[in-house]
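One-letter residues, chain by chain:
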Amino acid sequence: MAAELLKYQRVLIDQDTCISCGACVAACPYQALELDENGKARMIWEMCKDDFSCVAVCPVKCIYKISEAPAEFKAKKGWYRLGKALSPEEQKAFQEWKAKYGVTADPV
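So, here is what we can say about the structure in this document. Just so it is clear, the model here is predicted, and its values are computed rather than measured. (Residues numbered from 1 in each chain as written. Predicted model: local features only at pLDDT ≥ 70, side-chain atom pairs only at ≥ 80, totals over all residues. Heavy atoms only, no water.)

### Some words on the overall build of the protein chain
Regarding its fold elements, the protein chain presents five helices and five strands. Seen through its C-alpha atoms, the protein chain measures out along the principal axes to roughly 35 × 30 × 25 Å. Out of the 108 residues in the protein chain, the part that is buried amounts to 44%. Within the protein chain, contacts between residues separated by at least 24 positions form 69% of all contacts whose residues are at least 6 apart in sequence. Total accessible area computed for the protein chain in this model is approximately 5500 Å², and 55% of it derives from carbon and sulfur atoms. The average position of the 15 basic charges and that of the 15 acidic charges among the side chains of the protein chain differ by 2 Å. (Helix = DSSP H or I, 4+ residues; strand = E, 2+ residues; numbered from the N terminus. Buried < 20%, exposed > 50% of the residue type's maximum accessible area, 1.4 Å probe, protein only. Contact = heavy atoms within 4.5 Å. Areas by Shrake-Rupley, 256 points an atom, 1.4 Å probe, with all protein chains shown as cover. Lys, Arg positive; Asp, Glu negative; His and termini not counted. Charge placed at Lys NZ, Arg CZ, Asp CG, Glu CD.)

Next comes the structure, spelled out in structure tokens:
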């Protein structure tokens, strides 16, 4: 399971630009996106499997493949969360993902 989690790059959402339309949530075949308590899109880390339909449907282009996201967005809080407690192996994969893509924000 942990090795599989390392396969995916995932997406980043710029919540400051998000207009709360929900198009990304509706487009994701993995239910890896949700609207948070402020109505802003948020990614659920272990559910995202690089479908990227959300990137294509976003009308304000606030969703990025993590490899293409501006560094300052990777430091913003709130754009992703963990959907469950991670096992030690999954936690290691999560930390490797953060390091690989330069994600400095912690999950909410």
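### Focus on the packing of aromatic side chains
Throughout the structure, instances matching the rule amount to eight aromatic pairs. Aromatic pair Trp45 and Phe94: ring centres 5.1 Å apart, planes at 80 degrees, arrangement edge-to-face. Remark: Phe94 occurs in helix 5 (residues 88-101) and Trp45 occurs in the loop between strand 3 (41-44) and helix 3 (53-57); sequence separation between them is 49 residues. In this pair, the class of Trp45 matches that of Phe94, namely buried. An aromatic cluster is present here, built from Trp45, Trp79, Tyr80, Phe94 and Trp97 joined pairwise through their rings. A cation over a ring is seen here: Lys49 above Tyr30, with NZ or CZ 5.8 Å from the ring centre. (Phe/Tyr/Trp six-rings, centres within 6.5 Å; stacked < 30°, edge-to-face > 60°. Lys NZ or Arg CZ within 6 Å of the ring centre and 35° of its normal.)

### Some details on helix 5
Its 14 residues place the ends of helix 5 20 Å apart at the C-alpha level, agreeing with the 20 Å of an ideal helix rising 1.5 Å per residue. Buried residues along helix 5 sit in contact with helix 1 (2-6), strand 3, helix 4 (71-74) and strand 5 (80-81). Just downstream of helix 5, Gly102 is the residue with a positive phi angle, here 70 degrees. (Expected span 1.5 Å × (residues − 1).)

### Some remarks on the side chain of Gln15
The residue Gln15 is located in the loop between strand 1 (11-13) and helix 2 (23-27) in this model. Side-chain polar atoms of Gln15 contact the side chain of Asp36, separated by 3.1 Å. Leave out the neighbours within four places in its chain, and Gln15 touches Asp36, Lys40, Ala41, Arg42, Lys77, Gly78 and Trp79. (Polar contact = N/O pair within 3.5 Å; in protein donor to acceptor, adjacent residues only side chain to side chain.)

### Description of the environment of Gly83
With respect to the element layout, Gly83 can be found in the loop between strand 5 and helix 5. The exposure class assigned to Gly83 is partly exposed, which follows from its relative accessible area of 39%. Separated by 37 residues in the primary sequence, Gly83 and Glu46 have C-alpha atoms spaced 6.9 Å apart. When sequence neighbours within four positions are dropped, the list of residues in contact with Gly83 reads Ile44 and Glu46.

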